[in-house]
Amino acid sequence: FWEDCYIKKFGSFQGSRPTQMPWKDLFVRKYITEQSIRYKRNSRSGYKYRTCSYLGCLQILRTSDQERKHTAMHQRLARESAKRERKQRTKKGQKNSEAFSEHWH
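Residues numbered from 1 in each chain as written. Predicted model: local features only at pLDDT ≥ 70, side-chain atom pairs only at ≥ 80, totals over all residues. Heavy atoms only, no water.

Draft legend 1. Up close: the side chain of Asn42. Topologically, Asn42 is positioned in the loop between α2 (23–36) and β1 (50–51). Here the side chain of Asn42 touches Ser45 through a polar contact of 3.3 Å, landing on its backbone nitrogen. Those residues within four positions of Asn42 in sequence are excluded, and the remaining contacts are Tyr47, Tyr49, Arg62 and Thr63. (Helix = DSSP H or I, 4+ residues; strand = E, 2+ residues; numbered from the N terminus. Polar contact = N/O pair within 3.5 Å; in protein donor to acceptor, adjacent residues only side chain to side chain. Contact = heavy atoms within 4.5 Å.)

Set out below in structure tokens:
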């Protein structure tokens with residue numbers, strides 16, 4: 001129910017589905033943050049304030065340059081996390097194959 005509410009209210013999101021935080025909490029936190037910036041704009045550029053589109057991130061973005069840099073940061077963190085997971089899987093696979101070969105030799 002809360003996942004559907006989140007998507008209907010805020011549109012699609014980036015990032016992975018939550019494993020720790022319930023959808024209701026994500027929805028309420030995002031809603032409160034969105035309400036706090038509802039009518040705000042950057043006085044110089046006219047850029048409408050918005051929150052980050054990554055699930056669980058409530059960073060308020062005040063310029064297009066700030067939004068671009070913030071999104072790049074999320075993408076970099078996702079690449080690093082995926083690289084770390086691949087490395088751990090490889091290491092785990094090597095340990096399993098070593099244990100298997102030791103057991104049968």
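Draft legend 2. Geometry of the environment of Phe13. Secondary-structure assignment places Phe13 in the loop between α1 (2–10) and α2. Phe13 sits 43 residues away from Gly56 along the chain, and the two C-alpha atoms are 9.5 Å apart. For Phe13, the residues in contact, after removing those within four places along its chain, are Tyr6, Ile7, Trp23, Ser53 and Leu55.

Draft legend 3. Layout of the state of the cysteines. According to the stated counting rule, one finds zero disulfides in the structure shown. Looking at the unpaired Cys52, the closest cysteine sulfur is the one in Cys57, lying at 3.7 Å. On the basis of relative accessible area, Cys57 is assigned to the buried category, the value being 16%. (Disulfide = S-S within 2.5 Å. Buried < 20%, exposed > 50% of the residue type's maximum accessible area, 1.4 Å probe, protein only.)

Draft legend 4. Molecular detail of α2. Over its 14 residues, α2 runs 20 Å from end to end, which matches the ideal 20 Å to within 8%, given 1.5 Å per residue. Tucked into the core, α2 has its buried residues touching α1, β1 and β2 (60–61). (Expected span 1.5 Å × (residues − 1).)

Draft legend 5. Inspection of a positive patch on the surface at higher detail. Residues Lys83, Arg86, Lys87, Arg89 and Lys91 make up a contiguous surface patch of positive charge. If you trace the backbone, Arg89 turns up in helix α3 (residues 64–104). (Patch = residues over 30% accessible without salt bridge, like charges linked within 9 Å, V, L, I, M, F, W, Y side chains within 5 Å. Areas by Shrake-Rupley, 256 points an atom, 1.4 Å probe, with all protein chains shown as cover. Salt bridge = Lys/Arg side-chain N within 4 Å of Asp/Glu carboxyl O. Lys, Arg positive; Asp, Glu negative; His and termini not counted. Charge placed at Lys NZ, Arg CZ, Asp CG, Glu CD.)

Draft legend 6. Region of interest: empty space enclosed by the protein. All told, the structure shown has one cavity of 30 Å³ or more when counted by the stated rule. Every residue along the wall of the largest cavity is listed here: Tyr6, Leu26, Arg29, Lys30, Gly56, Cys57 and Leu58. Counting residues per element, the lining of the largest cavity draws most heavily on α2, which supplies three residues. Looking at side-chain class alone, the lining of the largest cavity contains four nonpolar, one polar and two charged residues. (1 Å grid on protein atoms, 1.4 Å probe; cavity = no way out; pocket = protein on both sides within 12 Å on 5 of 7 lines; lining within 4 Å. Points joined across faces, edges and corners; volume = space filled by probe spheres on them. Nonpolar A, V, L, I, M, F, W, Y, C, P; charged D, E, K, R; others polar.)

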